[in-house]
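# Examining the three-dimensional arrangement
Residue-level listing of the chains:
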Amino acid sequence: SRPTRREFLLGTAAGLAVTAGAGLSGRRVMAADTTLTVSGLDHAILPGTVTPDMMSFAADGPPPVLRLRRGQPFTVDVVNQLNEATVVHWHGLRIANAMDGVPYLTQPPIEPRQRFRYTLTAPDAGSFWYHPHCNTLEQMGRGLTGMLVVEDDENPGFDQDLPLNIRDFRLGEDGRFISFYRPRAAARGGTLGTVSTVNWAVEPVYDLPAGSLVRLRLAVTDMTRVGIYDLAGGAAQVIALDSNPLPRPMTPDGIILAPGQRADIALRMPDAEGETVTLNLRLPQGPKPLAHLRATGASARRALAELAPLTPNPIAEPDLANARILDFVFGWSPGGKPPVAGICGTLGYTFWSINRIAWDGDSPDPVAPLAVLKPGRSYVLRLRNETPNDHPIHLHGLTFRLLRSNKRPIPPLLTDTALLQSGETMEVALVADNPGDWAFHCHVIEHQKTGLTGYIRVE
Ligand code: C2O
Ligand code: CU
Ligand code: CU
């Protein structure tokens, strides 16, 4: 059966307040095929203004939350109603390379008024997201970032499930877009947005049953911001990062999330009607509230201890004793010719490189892969950041395990996006078990689009 629109948009309504009456307890959200119409639209982001020329994966509002079921094929027809080419990438999903949505590397760009059918069979459960990989800075900047949830077979016992798509927009006071970046900033930390939003709303308030157990799914889909997040009020635990369950839950106090990263938080709502829990972005000048969760009704009197642990995802453990070491150096561009201006666009500058090679733009004739991996073999990727800036390094199609850093103790997390701090060298390991050409880039989109991109081939 097809989910109703309400189930589909569960927790992502565009309005300021959402009554999250459609709980998930005991009810399965079935995977169903869907169509994403990539559209231009006008939408109110800043209260009292209208932002013209936004872009969404729906004609009439923010991008829908896609809900898949682990292991079940899910068909998404992407219909391009923009006046420019696009392509859609499913961030974090270990799917077939032909479905990965990278221009030329895995498919031709989807031209205006054309469509492309993606069939996604997700091996892992958790919180993911989707976004274009063509003219990426502007298309994401105008709104094209959506969340994707892969449901597990068993519900660990939550009453509610609330995806929170966290991102900034670059808007002037009149609500209109301002320039998507400044070249000086693109050569440094990147250009920050001016208006912080959750699910396309400024400080939304979500009504949730008092005393209930809520699964918050945070995804930072911003182009630039490496943020520190706190959840204030209520009892809560971080139970997964970047779609992968944590062996031991952490307190949601100072969670660092870089562009592309996700956190799942188990929240027990306060008992008293009207009491709120606030998601804050920690800024030097103090906490900035991003969203509020308000308790309603009589307390359900649930307890965090009633939740079953999440099932780990089936990710092969690398054989470290026999792993080959591959070196990747993230640095300045060696100079040379400007990037090619193909139909997926260019910012016109080259500032960055991987292994001294600056990506020269999306073209039918890409440069050679950074490395060629043998199927089924284990590898240690030694990621060295020569620059004074932070780079969230993202690999498509494969999940890796963090091993060590020369700068700080790091937990052995499984992820697809690792935040490499300034001057840091980190070692991560993986099994090359998904064949194809997998994009490998910084998720600060200005960096990605000015050289800090390449790809790894698994034969
Ligand atoms: Cu979310 Cu190639 O990225
Ligand atoms: Cu990705
Ligand atoms: Cu970067």
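Residues numbered from 1 in each chain as written. Chains lettered and ligands numbered in written order. Predicted model: local features only at pLDDT ≥ 70, side-chain atom pairs only at ≥ 80, totals over all residues.

Per an unreviewed UniProt entry, the protein chain is named Multicopper oxidase family protein, and its organism is Tistrella arctica.

## Some details on the overall build of the protein chain
Going by this rule: A helix here means a DSSP run of H or I that spans at least four residues, while a strand means a run of E at least two residues long, and both kinds are numbered starting from the N terminus. With C-beta atoms placed from the backbone, a residue is buried if 20 or more other C-beta atoms are within 10 Å of its own, exposed if 12 or fewer are, and partly exposed between those counts.
From N to C terminus, the protein chain includes four helices and 31 strands. The proportion of buried residues among the 459 residues of the protein chain is 49%.

## Overview of the pairing of strand β5 (residues 74-80)
Which entries qualify depends on this criterion: Strands are labelled as partners when DSSP assigns at least two bridges between them.
Burial along β5 is one-sided: F74, V76, V78 and N80 are buried, while T75, D77 and V79, pointing the other way, are not. Where strand β2 (residues 34-43) lies against β5, five bridges are found, and the strand directions are parallel. Residue pairing in the sheet places L36 in a bridge with V78 of β5. Of the pairings in the sheet, the one linking β5 to strand β7 (residues 115-120) comprises six bridges and is antiparallel in character. For V76, the partnering residue across the bridge sits in β7 and is Y118.

## Structural notes on the environment of H292
The condition that has to hold: A pair of residues counts as a contact when their C-beta atoms, built from backbone coordinates, are separated by no more than 7 Å.
One can find H292 in strand β20 (residues 286-296). C-beta crowding within 10 Å serves as the criterion here: with 18 such atoms nearby, H292 is assigned to the partly exposed category. With 106 residues separating them in the primary sequence, H292 and L398 have C-alpha atoms 34 Å apart. Excluding residues within four positions of it along the chain, H292 makes contact with E203, V205, T276 and T278.

## Concerning the pairing of β20
Pairing analysis gives five bridges linking strand β12 (residues 205-209) to β20, with the strands arranged parallel. Considered in β20, the bridge of P209 is made with T296. Turn length for the strand β19 (residues 276-283)-β20 hairpin, with the two strands adjacent in sequence and antiparallel, is two residues.

## Details of the domain arrangement of the protein chain
Keep this limit in mind: Domain start and stop positions are those given by an automatic or database domain assignment.
Under the domain assignment, the protein chain is made up of domain 1 (5-306) and domain 2 (320-458). Between the C-alpha centres of domain 1 and domain 2 the distance comes to 24 Å. Taken residue by residue, the interface counts 35 residues in domain 1 and 38 residues in domain 2. Those elements that provide at least two residues to the side of domain 1 that touches domain 2 are α2 (136-141) and α3 (183-186). With three residues, the single largest contributor to the side of domain 1 that touches domain 2 is α2.

## Some thoughts on unusual backbone geometry
Among all residues except glycine, the phi angle is most often negative; among peptide bonds, the trans geometry is most common. For Y104, which is not glycine, the phi torsion reads 70° and is therefore positive. Structurally, Y104 is set in the loop between β6 (88-91) and β7. Although it is not a glycine, E203 adopts a positive phi angle of roughly 45°. Structurally, E203 is set in the loop between β11 (195-198) and β12. Look at E203 and you get partly exposed, because 16 C-beta atoms sit within 10 Å.

## Some points on the sheet that holds strand β16 (residues 244-250)
Note the cut-off: Whenever a helix is involved, its axis is fitted only over the stretch in contact; in every case the axis is a line through C-alpha atoms, and angles between N-to-C directions fall within 0 to 180 degrees.
Spatially, β11-β10-β13-β18-β15-β16 is the arrangement adopted by the six strands of the open sheet, whose pairing is mixed. Among the strands making up the open sheet, the edge pair consists of β11 and β16. Each strand axis lies, on average, 25° off the axis of its neighbour in the sheet, ignoring direction. As defined by bridge partners, strand β10 (residues 160-169) adjoins β11 across four bridges and the pair is classed as antiparallel. Paired with F169 across the strands is V195, a residue of β11.

## Observations concerning the sheet that holds β2
With respect to topology, four strands assemble into an open sheet ordered β3-β2-β5-β7, the strand pairing being mixed. Two strands close off the open sheet at either side, each with one partner strand: β3 (51-56) and β7. Neighbour-to-neighbour, the strand axes of the sheet open up by a mean angle of 25°, direction not taken into account. Sheet analysis places β2 next to β3, joined by four bridges and oriented antiparallel. Paired with G40 across the two strands is M55, which belongs to β3.

## A word on the UniProt feature "domain: Plastocyanin-like" (unreviewed entry) in the protein chain
The line we're drawing: UniProt positions are given in the numbering used here, feature names are shortened, and annotations may be inferred rather than shown by experiment.
Taken from the UniProt record, the annotation "domain: Plastocyanin-like" (unreviewed entry) applies to residues 50-154 and 360-458. Summarising residues 50-154: 6% helix, 38% strand, and an end-to-end C-alpha distance of 42 Å.

## Describing the nonpolar core
The following threshold applies: Here a nonpolar core is just a set of buried residues of the types Ala, Val, Leu, Ile, Met, Phe, Trp, Tyr and Cys, joined wherever their C-beta atoms sit within 7 Å.
Residues L120, L148, L218, I265 and L267 are the most contacted members of the largest nonpolar core, which totals 112 residues. Looking at this core element by element, the count peaks at six residues for strand β13 (residues 213-220). Domain assignment of the residues forming this core places at least three in each of domain 1 (5-306) and domain 2 (320-458).

## Focus: the environment of A295
You can see A295 is positioned in strand β20. Distance from A295 to G211, taken between C-alpha atoms, is 7.6 Å for residues 84 residues apart in sequence. Setting aside its immediate chain neighbours within four residues, A295 contacts L208, A210, M269, P270, A272, E273, G274 and E275.

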